[in-house]
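Report on the structure
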2 protein chains.
Amino acid sequence: MEDRLEALIARLREQDCRITPQRLALLEMLIESDEHPSAAELYERLRARFPTTSLATVYKTLNLLKALGEVTEISFSDGDTHYDAGNPTPHIHLICTQCHRISDVPFITAPNLTAELTAQTGYHITGHRFDFYGICPACQGK
Amino acid sequence: MEDRLEALIARLREQDCRITPQRLALLEMLIESDEHPSAAELYERLRARFPTTSLATVYKTLNLLKALGEVTEISFSDGDTHYDAGNPTPHIHLICTQCHRISDVPFITAPNLTAELTAQTGYHITGHRFDFYGICPACQGK
DNA sequence: TTATCTGCAAAATGTTTGCATGCAC
DNA sequence: GTGCATGCAAACATTTTGCAGATAA
């Protein structure tokens, strides 16, 4: 976790990007939160520490990280774009269609679909995304 | 294919929804096209037959179908929302990150991840979505 | 005939851009 | 000191809403 932060900082420096307090806070929030926050949520939290910060700054940093491949967008059927802190271990998203919570689940069966797909379609496959939709335990009671 | 159209029409009627010429055309376009069009693309094509139609009508119909669970949104990292005509056979999306084409691939290995996930997380799983990203054969030469 | 759908225009929402000032390096 | 980042406001793009007239049932 600490390592991930260090790695991100190094990655930014290597691109001649500056580590401002706002960016550092955003990086920490992205890494620590396992809830895949949206830009608006990140902005809300960031504003607790930097009352004058703006949504534009959040978007600019997110776009920067996206361009570096360090963050992934999860555009999610019901509204805003959420961000996945580039959790480097492969995982599945489990999305509650009621409370909109997104959880990560480590891969249970590592499918070697990739090789099969390449053989079958000729695509050069660079990434993938597995999402499951359902009702989380907490929402099932309601 | 014909059956699917019949089924959709029946479904709409059952909800006291009217089958207008515009809707019928939209349904046909959704079912026939395997390219997962966006609202704007659907509007463009619809306008060829109904020059005075509006984007609002397209959105209203898509939202109706979405609410009925007959159409799925694929919000796709680079721009608009695309629509999947609720192709009833399970399939994988293969998305070219260069030309943005989305292809359907039938499930090769039907993973029974669902049961495993339910056992492990307590979620009541209702759906899923597998997307692979890569470069399609046509774009690899460029 | 009646409730729904259409299509226009306006509004709401989410994201991006331009630019002057401020700050990391 | 230099150049990138911030933060404001304005611009943009996409989607939604309201409503009067049209139309499927």
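Residues numbered from 1 in each chain as written. Chains lettered and ligands numbered in written order. Predicted model: local features only at pLDDT ≥ 70, side-chain atom pairs only at ≥ 80, totals over all residues. Heavy atoms only, no water.

Glancing now at the overall build of chain A. Check the secondary structure of chain A and you find 6 helices and 5 strands. The order of α-helices and β-strands along chain A, N terminus first, is α-α-α-α-β-β-β-β-α-β-α. Overall, chain A is about 50 × 45 × 25 Å in size when its C-alpha atoms are taken along their principal axes. Among the 142 residues that make up chain A, the fraction classed as buried is 44%. Taking all contacts inside chain A whose residues are at least 6 apart in sequence as the whole, residues at least 24 apart take part in 47%. Total accessible area on chain A is roughly 7,600 Å²; 51% of this is exposed by carbon and sulfur atoms. (Helix = DSSP H or I, 4+ residues; strand = E, 2+ residues; numbered from the N terminus. Buried < 20%, exposed > 50% of the residue type's maximum accessible area, 1.4 Å probe, protein only. Contact = heavy atoms within 4.5 Å. Areas by Shrake-Rupley, 256 points an atom, 1.4 Å probe, with all protein chains shown as cover.)

Attention now moves to the side chain of Arg129 of chain A. Here Arg129 of chain A is to be found in strand β5 (residues 124-135). A polar side-chain atom of Arg129 of chain A sits 2.7 Å from a polar atom in the side chain of Asp131 of chain A. For Arg129 of chain A, the contacting residues outside a window of four places in its chain are Glu73, Ile74 and Ser75 of chain A together with Ser75, Arg129, Phe130, Asp131 and Tyr133 of chain B. (Polar contact = N/O pair within 3.5 Å; in protein donor to acceptor, adjacent residues only side chain to side chain.)

A few words on the interface of chain A and chain B. Opposite the 36 residues of chain A that make contact, chain B presents 34 residues. A buried area of about 3,300 Å², summed over both sides, lies between chain A and chain B, and 64% of it is on carbon and sulfur atoms. The interface formed by chain A and chain B contains 0 salt bridges. Contributions of two or more residues to the side of chain A that touches chain B are made by β1 (72-75), β3 (91-96), β4 (102-106), α5 (113-121), β5 and α6 (137-140) of chain A. In terms of residue count, β5 of chain A provides more of the side of chain A that touches chain B than any other element does, 12 residues in total. (Buried area = accessible area lost by both parts, 1.4 Å probe. Salt bridge = Lys/Arg side-chain N within 4 Å of Asp/Glu carboxyl O.)

Time to look at the domain arrangement of chain A. Where the parts come together, the accessible area they lose is often given as the size of the interface. All names here are of chain A. Structurally, chain A comprises domain 1 (2-84) and domain 2 (91-140). One C-alpha centre belongs to domain 1, the other to domain 2, and the line joining them spans 23 Å. Counting the surface lost from both domain 1 and domain 2, the interface buries some 780 Å², and carbon and sulfur atoms represent 57% of this. The largest per-residue losses of area from domain 1 upon contact with domain 2 belong to His36, Ile74 and Phe76, which jointly make up 53% of the total buried on that side. At the junction of domain 1 with domain 2, the criterion picks out 0 salt bridges. At the boundary of domain 1 and domain 2, one finds 3 residue pairs in polar contact (both at pLDDT 80 or more). (Domains from an automatic or database assignment.)

Time to look at the protein's contact with DNA strand D. Around DNA strand D sit 22 residues in total, of which Arg18, Arg23, Thr53 and Lys60 of chain A together with Tyr59 of chain B are the nearest. Thr53 of chain A places a polar side-chain atom, nitrogen or oxygen, 2.4 Å from a phosphate oxygen of DNA strand D. Note that a phosphate oxygen of DNA strand D is positioned 3.0 Å from one of the side-chain N or O atoms of Thr81 of chain B. Put simply, the parts of the chain that give the surface near DNA strand D at least two residues each are α2 (21-32) and α4 (55-67) of chain A together with α4 (55-67) of chain B. Top element by residues in the surface near DNA strand D is α4 of chain B. It accounts for 4 residues. (Near = heavy atom within 4 Å.)

A few words on the packing of aromatic side chains. Scanning the entire structure with this criterion turns up 3 aromatic pairs over all chains. A network of ring pairs unites the aromatic residues Phe130 and Phe132 of chain A together with Phe130 and Phe132 of chain B as a single cluster. (Phe/Tyr/Trp six-rings, centres within 6.5 Å; stacked < 30°, edge-to-face > 60°.)

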